Amino acid sequence: MTTRAQGFTGRHMLLVTSAFFAVVIGVNVTMAWFASSSWSGLVVENTYVASQEFNRKAEAMKAMAASGIVGELSLKDDVIHYDIRNRDRSPAAVDEVTANFKRPVGDHEDFQLPFSKVGEGRFEARHRLASGDWIVEVISRKGDAIVMHEAARIDTAGFGQ
């Protein structure tokens, strides 16, 4: 009985090429499914309206930065503190503070949190913040006027949580 070695044939090439493309297509379908099911990608409802409002918002932000008012967010256990100060470090005159907590990717954990005033320029809220990265948008008001509108990216590990 003799055996004949055929080597690499056309059938082998077809199987290798088919397996390669099956893996590539499978990975692409999987990635596309995860991308479409995890986040809508929506940043603004109407990009044209957002572009028209950009200059007005940019001027308002420059004016707030020039005022010298600064806010500081701190976390301890389930208490979130927000201190807002004037340029000379005196407490700023603010009536209400609201914070929007957003995940950098995905919106299923996003929430809005009103703060209670505990002293002049000092506010706090009780909420258990899940660990990880957050984008926090804080809006401080005196009557109907916005005193400070700022956003910061935080990591709960930076606060020992």
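No experiment lies behind these values; they were computed from the predicted model shown. (Residues numbered from 1 in each chain as written. Predicted model: local features only at pLDDT ≥ 70, side-chain atom pairs only at ≥ 80, totals over all residues. Heavy atoms only, no water.)

A.B. asks: Mind showing me how you'd approach the environment of valine 118 here?
C.D. replies: Structurally, valine 118 can be placed in strand β5 (residues 116-119). Distance in space between the C-alpha atoms of valine 118 and histidine 81 is 9.7 Å, their sequence separation being 37 residues. With residues near it in sequence (within four places) discarded, valine 118 still touches Phe123 and Glu124. (Helix = DSSP H or I, 4+ residues; strand = E, 2+ residues; numbered from the N terminus. Contact = heavy atoms within 4.5 Å.)

A.B. asks: Explain the pattern of salt bridges here, please?
C.D. replies: Pairs may arise between side chains of opposite charge once their charged atoms sit close together. All told, the structure shown has 9 salt bridges when counted by the stated rule. Between lysine 117 and glutamate 120 there is a salt bridge, with its nearest N and O atoms 3.5 Å apart. Take lysine 117: its relative accessible area is 39%, and that puts it in the partly exposed class. (Salt bridge = Lys/Arg side-chain N within 4 Å of Asp/Glu carboxyl O. Buried < 20%, exposed > 50% of the residue type's maximum accessible area, 1.4 Å probe, protein only.)

A.B. asks: When you look at helix α2 (residues 47-67) in this model, what are you seeing that I'm missing?
C.D. replies: Structural remark: α-helix, 3.6 residues per turn; residues separated by three or four positions point the same way. With 21 residues, α2 should cover 30 Å at 1.5 Å per step; its first-to-last C-alpha distance of 30 Å lies within 8% of that length. Remark: the principal bend of α2, roughly 40°, maps to phenylalanine 54. The N-cap residue of α2 is asparagine 46: its side-chain oxygen and the backbone nitrogen of tyrosine 48 are 3.0 Å apart. Trailing α2 by a residue or two, glycine 68 shows a phi angle of about 85°, which is positive. (Expected span 1.5 Å × (residues − 1). Bend = angle between axes of the 7 residues up to and from the residue. Polar contact = N/O pair within 3.5 Å; in protein donor to acceptor, adjacent residues only side chain to side chain.)

A.B. asks: Can you help me understand the environment of glutamine 52 in this one?
C.D. replies: Tracing the chain through its elements places glutamine 52 in helix α2. Each C-alpha atom, one on glutamine 52 and one on glutamate 96, is 28 Å from the other, the two residues being 44 residues apart in sequence.

A.B. asks: How do you make sense of the sheet that holds strand β3 (residues 96-102) when you look at a structure like this?
C.D. replies: Within the open sheet, the 4 strands sit side by side as β4-β3-β7-β8. Their pairing is antiparallel. The open sheet has two edge strands with one neighbour each: β4 (111-114) and β8 (145-155). Averaged over all adjacent pairs, the angle separating strand axes in this sheet is 20°, with direction ignored. Looking at chain direction, β3 and strand β7 (residues 133-142) are connected through 7 bridges and run antiparallel. For phenylalanine 101, the partnering residue across the bridge sits in β7 and is valine 136. (Pairing = 2+ DSSP bridges. Axes fitted to C-alpha atoms, helices over the stretch in contact; angles between N-to-C directions.)

A.B. asks: Can you help me understand the packing of aromatic side chains in this one?
C.D. replies: Ring pairs (aromatic) are described by centroid distance and by the angle formed between their planes. Under the definition given, this model contains 6 aromatic pairs. Note on phenylalanine 101 and phenylalanine 111: the rings are 4.8 Å apart at their centroids and 10° apart in plane angle, and the pair reads as stacked. Highlighted residues: phenylalanine 101 in strand β3 and phenylalanine 111 in strand β4, separated in sequence by 10 residues. An angle of 75° between the planes, with centres 5.7 Å apart, marks the rings of phenylalanine 111 and tryptophan 134 as edge-to-face. Taken together, the positions of phenylalanine 111 in strand β4 and tryptophan 134 in strand β7 put the pair 23 residues apart, joining distant regions of the chain. Since its relative accessible area comes to 1%, tryptophan 134 is described here as buried. Three or more aromatic residues link up through ring pairs in this structure, and these residues are Phe101, Phe111 and Trp134. Arginine 103 extends its terminal NZ or CZ atom over the ring of tryptophan 134, reaching a point 4.0 Å from the ring centre. (Phe/Tyr/Trp six-rings, centres within 6.5 Å; stacked < 30°, edge-to-face > 60°. Lys NZ or Arg CZ within 6 Å of the ring centre and 35° of its normal.)

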